[in-house]
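Given next are the chains, with one letter for each unit.
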Amino acid sequence: MPESRHAAVADLLGLYSSVQLAAFARLAKDAQHAPDLPGQVTISRMAAGELAHLDELERLAHALGADFYDTTARFGDLLGDLDRRTAPGDWWERLMKTYVAYGMLADLQRALSTDLDETLRAVVEEILADNGYADYVVAALGPVVGADPQLKARLALWGRRVVGEALGIVQRALEEHPALLGALPEGGRADAASRVRNQLASGHARRMDRLGLTA
């Protein structure tokens, strides 16, 4: 494996692991704030599922000769910054934040992983398999925003704030870790970054459309 691609794959593994840990922490917090016991149990199970792939990611990092903890820690500050910048004010904003921000991070992982080998792609597909959270949010929020125009307007505005912060974090990640783009097919870095951002914007628009909200 060429050195540049080796560095790209190592960074990608670090990104995957860091997002898994951050998603676990985010969902665990959401579970604590769920308004009923079924919601607490459902989201707690989703949180536990986010940790299920860390052993495989650690094994792949070691096989690559990378330090699992070092590569994972590279992205911790970025994701922590995203969390701090988007503190939710209530349960509905909490649901929207996780739905928007971690949906976008999943899209980022998909966009950066299109040219990986079969083994790594299989791991990515397992990591990004639907855990049911998006459907949970749509079922919980959809009827509420449909019946409350004021809440609908507020959550649309909140969604735009969250996605703006998330896009800023993604931009920082690509600037501070340019090797991430090295796993993509050959092409200009600027073009690759632009394609990634376009994919993220499209994914966000689809998620907001599911809730009947303007992106």
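Each remark here, short or long, concerns the structure printed above.
Quick summary incoming for the structure in this document. Counting restarts for each chain: residues are numbered from 1 in the order of the written sequence. At least 70 in pLDDT is required for a residue's local features to be given in this predicted model, at least 80 for side-chain atom pairs to be given and counted, and no such filter applies to totals for whole chains, interfaces and linings, which use all residues. Water and hydrogen atoms play no part in the side-chain values, which are based on all heavy atoms of the structure.

### Details of the packing of helix H6 (residues 91-112) against helix H8 (residues 133-147)
Then, in step 1: Angular values range over 0 to 180 degrees, each being the angle between N-to-C directions of two axes fitted as lines to C-alpha atoms, with helices fitted over their stretch in contact. Where helices and strands are cited, they refer to DSSP runs of H or I of at least four residues and of E of at least two residues respectively, numbered from the N terminus. Contact pair H6 / H8: the axes reach a minimum separation of 10 Å and the direction vectors enclose 140°. Our classification of the angle between H6 and H8 gives oblique. Between H6 and H8 lies a crossing whose hand is left-handed. Here H6 contributes Trp 91, Trp 92, Arg 94, Leu 95, Met 96, Thr 98 and Tyr 99 to the contact with H8, which in turn contributes Tyr 133, Ala 134, Tyr 136, Val 137, Val 138, Ala 140, Leu 141 and Val 144.
Then, in step 2: For the contact of H6 with H8, the residue count by class is 13 nonpolar, one polar and one charged. Geometric relationships in this document are graded by angle, where less than 35 degrees denotes roughly parallel, more than 145 denotes roughly antiparallel, 65 to 115 denotes roughly perpendicular, and other angles denote oblique. Each crossing gets its hand from how the near helix is turned against the far one by less than a right angle, where anticlockwise is left-handed and clockwise is right-handed. Throughout, a residue-residue contact means that at least one pair of heavy atoms, one from each residue, lies within 4.5 Å. Any residue that is not Ala, Val, Leu, Ile, Met, Phe, Trp, Tyr, Cys, Pro, Asp, Glu, Lys or Arg is counted as polar, Gly included; the first ten are nonpolar and the last four charged.

### Some remarks on the pattern of salt bridges
Then, in step 1: Any carboxyl oxygen of Asp or Glu that lies within 4 Å of a side-chain nitrogen of Lys or Arg is treated as forming a salt bridge with it. Across all of its chains, the model carries 17 salt bridges by this definition.
Then, in step 2: The residue Arg 74 makes a salt bridge to Asp 11 at a minimum N-O spacing of 2.4 Å. Residue Arg 74 is found in the loop between helix H4 (68-73) and helix H5 (76-85), and its partner Asp 11 is found in helix H1 (residues 3-33); the two are separated by 63 residues along the sequence.
Then, in step 3: Note on exposure labels: buried denotes an accessible area under 20% of the residue type's maximum, exposed denotes more than 50%, and partly exposed covers the range between, all computed with a 1.4 Å probe on protein chains only. Given the relative accessible area of 34%, Arg 74 is considered partly exposed.
Then, in step 4: A salt bridge links Arg 110 to Asp 107; the nearest nitrogen and oxygen atoms lie 3.0 Å apart. Of this pair, Arg 110 and Asp 107 both sit in helix H6, three residues apart, which is roughly one turn of the helix.
Then, in step 5: Put simply, Arg 26, Lys 29, Asp 30, Asp 83, Arg 94 and Lys 97 are held in one network by salt bridges that share partners.

Taken by themselves, the reported measurements are silent on function.
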